[in-house]
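Structural features, examined
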Amino acid sequence: MDSYWDVLQRDPECSRPEAYSVLESVNAATAGIPLCCPNHEGKGMEFYCESCETAMCLECTEGEHREHVTVPLRDVLEQHKTQLKTQLDAIRNRLPQLTAAIELVGEISKQLTERKNEAVTEISSTFEELERALQLRKTVLINDLENIYSAKQKVLQAQLSSLLQGRERIQSSCSFTEQALDRGSATEVLLVQKQMSERVSAMARHDFPLRPHQNAHLDCQVETEGLRRSIQNLGVIITTAAVGHTSVATGEGLRHAGTGQRVSVTVTTKDKDSELVRTGNASLKAEITAVADGSRVGTEPDVTDNKNGTYEVGYTLRSEGEFSFALSLYGQPVRGSPFRLRAVKPSDVPSPDDVKRRVKSPGGTVAHIRQKAVRRPSSMYSTTKKKENPIEDELIHRVGTRGREKGEFTNLQGISASSNGRVVVADSNNQCIQVFSNDGQFKMRFGVRGRSPGQLQRPTGVTVDMNGDIIVADYDNRWVSIFSSDGKFKNKIGAGRLLGPKGVAVDRNGHIIAVDNKACCVFIFQSNGKLVTKFGSRGTSERQFAGPHFVAVNNKNEIVVTDFHNHSVKVYSADGEFLFKFGSHGEGNGQFNAPTGVAVDTNGNIIVADWGNSRIQVFDSAGSFLSYINTSADPLYGPQGLALTSDGHVAVADSGNHCFKIYRYLQ
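Residues numbered from 1 in each chain as written. Predicted model: local features only at pLDDT ≥ 70, side-chain atom pairs only at ≥ 80, totals over all residues. Heavy atoms only, no water.

Per an unreviewed UniProt entry, the protein goes by the name RING-type E3 ubiquitin transferase and belongs to Esox lucius. UniProt, in its Catalytic activity (unreviewed entry) section for the protein, records the words "S-ubiquitinyl-[E2 ubiquitin-conjugating enzyme]-L-cysteine + [acceptor protein]-L-lysine = [E2 ubiquitin-conjugating enzyme]-L-cysteine + N(6)-ubiquitinyl-[acceptor protein]-L-lysine." Quoted straight from UniProt, the Sequence similarities (unreviewed entry) entry for the protein says "Belongs to the TRIM/RBCC family." (UniProt positions renumbered as here; feature names shortened; annotations may be inferred.)

So this is what it looks like as structure tokens:
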């Protein structure tokens, strides 16, 4: 067993010089040697200074400690021994925890080694099998080559033999006839003339195979490029860094469910540092048991891997009652698991409006995890519907550079998309509107700089109505211009009312909604320019704004506005009644540093461009944070407008990079 000296020597605190006198005192005490005062030689330390928490001799009490309260050492000995015993008991009580943790981590380490060895064996056997298959294919190819070669060679050799025989016969006949003519007597010539004449005539008429009966074409074509690529990508090591105690589960299905109705919850996996894991394949298991008797429910919950670090756990409860809902990741409980779940009649399940009211405050109930702007996880969706083919979001197109030519931008702002596959961009400092296809191909541009109707001075927001007309918010001209789909000016509205329009949208009634950034309010016009209503003013309350930017309309015809300087998103009814808001100032999940562009997908999820944090966040219809869109491959710099293209992708005006980008986003 280690001595006190050994134990204390390992303590970092004992590396300080002043600690050595204490160590020496302890060593002396354990050896039965009376402790002497280090300041007064030969004097025993019989007193204790409570202020300095140190032992001393009588002379010390009359010297530097004379102003302090000192007591006999024996009087405080029992008190300190009791305190030490209490502290000792406290740390000793942690030993079982440490032992259990050591066993658990050791077992996981052992399992990891076993899995590694199994994987090595599997890799080796797989590649050995592939090598055998390659060798077999090599043998087959060579055999085929030999067979074809033999067949072709047989034809050529037969022809060659026939030709050689013909040549030999002709040469023989020629030689014999020439000898007879040169050397033979008249009688001899006459005797062989008829025979040789017939023979020579036959040779002259004979049809020799003069044209080749075969060719020399015999190549081996082995397409290796595709195979090489396949080999380079052959096999993948599947693992995650996800751990249970930091991973979280969200959704109303954790707390209550309607009997007979399918309910789902979302599990978001995280690593030991609470960073979001962006890959799937984790081992997630779910179990629901009755609280009363511990029996399992009839139907096991099903787990859907979204392949982006999130998982959907769906279940259906047939009977009412209290249940325990356990979620485990690699055998370890997810944070908060097991959850207490109550199954009630469908009519007693809280309505979506109840959920909205719970998340109205900016703080909300979302767990805020700080996340750097350039390192974002992929998008995932959290609705009560089963997800359909969710995949990792990624950059599809980057379109444009800084400049003044077609397809170039200078401070692009708003962006919109039409139902016929067009992306429309407000090129603010170039005073024009540019139109592209969904795949980024330039189609046209229009706009003349000026302050007359039909001209553009500072286009900021843009949208496309159901007729295909392009509606442009012109900040400096203080009106909204309406152009046909081919860029011909039709009308202007809001002149004399608007002070600085920024974002613009069209609702399901065909009304034009304009966000007045300067006046801090929202105008709703009919398409002919007649004012329907106006709401908002400068301030921080629910119906007030501080530099509102862009606007979108959801499938309930509700108006969603980004409140730039209030770092929030506010949702209103079609006639301007406040419903709820979400977001607060910060860098965490669900927080904003000046939100700008906004769009709503077909499921009601709200997508927001977070300008100051240079990222795009995704929320559900009630404003609860879901995820980020993965923009890390080509980071954003001050994103502005945001739109959903007709093929379901996210288009964002990357203003600081003078381009727009399209990201994959399947709903």
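**A look at the overall build of the protein**
Scanning the protein from terminus to terminus reveals eight helices and 38 strands. Taken across its 667 residues, the protein has 42% of its residues classed as buried. When contacts within the protein are restricted to residue pairs at least 6 apart in sequence, those whose partners lie at least 24 apart make up 52%. As displayed, the protein offers around 37200 Å² of accessible surface, 51% of which is attributable to carbon and sulfur atoms. (Helix = DSSP H or I, 4+ residues; strand = E, 2+ residues; numbered from the N terminus. Buried < 20%, exposed > 50% of the residue type's maximum accessible area, 1.4 Å probe, protein only. Contact = heavy atoms within 4.5 Å. Areas by Shrake-Rupley, 256 points an atom, 1.4 Å probe, with all protein chains shown as cover.)

**Quick look at the side chain of Gln 640**
Along the chain, Gln 640 falls in strand E36 (residues 639-644). Gln 640 has contacts with Leu 412, Gln 413, Lys 502, His 549, Phe 550, Thr 596, Gly 597, Ala 609, Trp 611, Ala 653 and Ser 655, leaving out every residue within four places of it along the chain.

**Notes on the pairing of strand E14 (residues 412-417)**
Among the six residues of E14, six are classified as buried, and the element is accordingly described as predominantly covered. Inspection of the sheet shows E14 paired to strand E15 (residues 422-427) by four bridges, in the antiparallel sense. By the bridge assignment for E15, Ser 416 is matched with Val 424. Where E14 hands over to E15, the hairpin turn is made up of four residues, of which Gly 421 adopts a positive phi near 85 degrees. (Pairing = 2+ DSSP bridges.)

**A look at the nonpolar core**
In this structure, Leu 317, Phe 325 and Leu 327 are the most contacted members of the largest nonpolar core, which totals 26 residues. Of all the elements in the fold, those that place two or more residues in this core are strand E6 (262-270), strand E7 (284-290), strand E9 (310-316), strand E10 (321-329) and strand E12 (339-344). Non-local contacts of Leu 327, meaning those with residues more than four positions away in its chain, are made with Ala 249, Leu 254, Val 267, Lys 285, Ala 286, Val 313, Gln 332, Pro 333, Val 334, Ser 337 and Phe 339. Counting 16 residues, the second-largest nonpolar core is a separate cluster that includes Leu 276, Phe 550, Val 569 and Phe 592. (Core = buried A, V, L, I, M, F, W, Y, C linked by side-chain atoms within 4.5 Å.)

**A short note on the sheet that holds strand E20 (residues 479-483)**
Note on sheets: strands pair through backbone hydrogen bonds, and any given pair is parallel or antiparallel. Strand order in the open sheet formed by four strands is E18-E19-E20-E21, with antiparallel pairing between adjacent strands. At either margin of the open sheet sits one strand with a lone partner, and together these are strand E18 (459-464) and strand E21 (489-493). Neighbour-to-neighbour, the strand axes of this sheet turn through a mean angle of 20 degrees, independent of strand direction. (Axes fitted to C-alpha atoms, helices over the stretch in contact; angles between N-to-C directions.)

**Some remarks on the packing of helix H5 (residues 95-183) against helix H6 (residues 186-205)**
Remark: H5 packs on H6, axes separated minimally by 10 Å, with the N-to-C direction vectors making an angle of 155 degrees. Comparing the axis directions of H5 and H6 gives the class roughly antiparallel. H6 is crossed by H5, and the crossing has left-handed handedness. For the pair H5 and H6, contact is made by Arg 169, Ile 170, Ser 172, Ser 173, Phe 176, Thr 177, Ala 180, Leu 181 and Arg 183 and by Glu 188, Val 189, Val 192, Met 196, Arg 199, Val 200 and Met 203, respectively. (Parallel < 35°, antiparallel > 145°, perpendicular 65-115°, else oblique. Left-handed = near helix turned anticlockwise from the far one by under 90°.)

**Some remarks on the environment of Asn 509**
Following the sequence through the fold, Asn 509 ends up in the loop between strand E22 (501-506) and strand E23 (512-516). Looking at Asn 509, the relative accessible area reads 53%, which means it is exposed. Residues Asn 509 and Ala 574 lie 65 residues apart in sequence; the distance between their C-alpha atoms is 9.5 Å.

**Quick notes on the UniProt feature "domain: B box-type" (unreviewed entry) in the protein**
As recorded in UniProt, the feature "domain: B box-type" (unreviewed entry) lies at residues 37-73. The span residues 37-73 carries 16% helix and 24% strand; its end-to-end C-alpha distance comes to 13 Å.

**A word on the side chain of Gln 457**
With respect to the secondary-structure elements, Gln 457 resides in the loop between strand E17 (442-446) and E18. In this structure Gln 457 comes out as buried when scored by relative accessible area, which is 12%.

**Focus on the pattern of salt bridges**
All chains considered together, the criterion is met by 19 salt bridges. Salt-bridge contacts for Glu 300 lead to Arg 296; the nearest nitrogen and oxygen are separated by 3.7 Å. The partly exposed category is assigned to Glu 300, whose relative accessible area is 42%. Assessed through its relative accessible area of 53%, Arg 296 is described here as exposed. The partner of Lys 488 in a salt bridge is Asp 486, with the nearest N and O atoms 3.0 Å apart. (Salt bridge = Lys/Arg side-chain N within 4 Å of Asp/Glu carboxyl O.)

**Notes on the pairing of strand E33 (residues 606-610)**
With respect to burial, E33 is a largely interior element, five of its five residues being buried. Side-chain alternation along E33 places Ile 606, Val 608 and Asp 610 on one buried face and Ile 607 and Ala 609 on a second face that is also buried. Of the pairings in the sheet, the one linking strand E32 (residues 595-600) to E33 comprises four bridges and is antiparallel in character. For Pro 595, the partnering residue across the bridge sits in E33 and is Asp 610. Counted between consecutive antiparallel strands, the loop separating E32 from E33 contains five residues, among which Gly 604 sits at a positive phi close to 90 degrees. Where E33 meets strand E34 (residues 615-619), five bridges bridge the pair, whose relative direction is antiparallel. Looking at the pairing, Ala 609 lines up with Ile 616 of E34. Remark: four residues form the turn of the hairpin made by E33 and E34, two consecutive strands paired antiparallel; Ser 614 in that turn has positive phi of roughly 50 degrees.

**Concerning the sheet that holds strand E13 (residues 395-399)**
Spatially, the four strands line up as an open sheet ordered E13-E38-E37-E36, and their pairing is antiparallel. With one partner strand each, in any of the chains shown, E13 and E36 form the two edges of the open sheet. Along the sheet, successive strands turn relative to each other by an average axial angle of 20 degrees, direction set aside.

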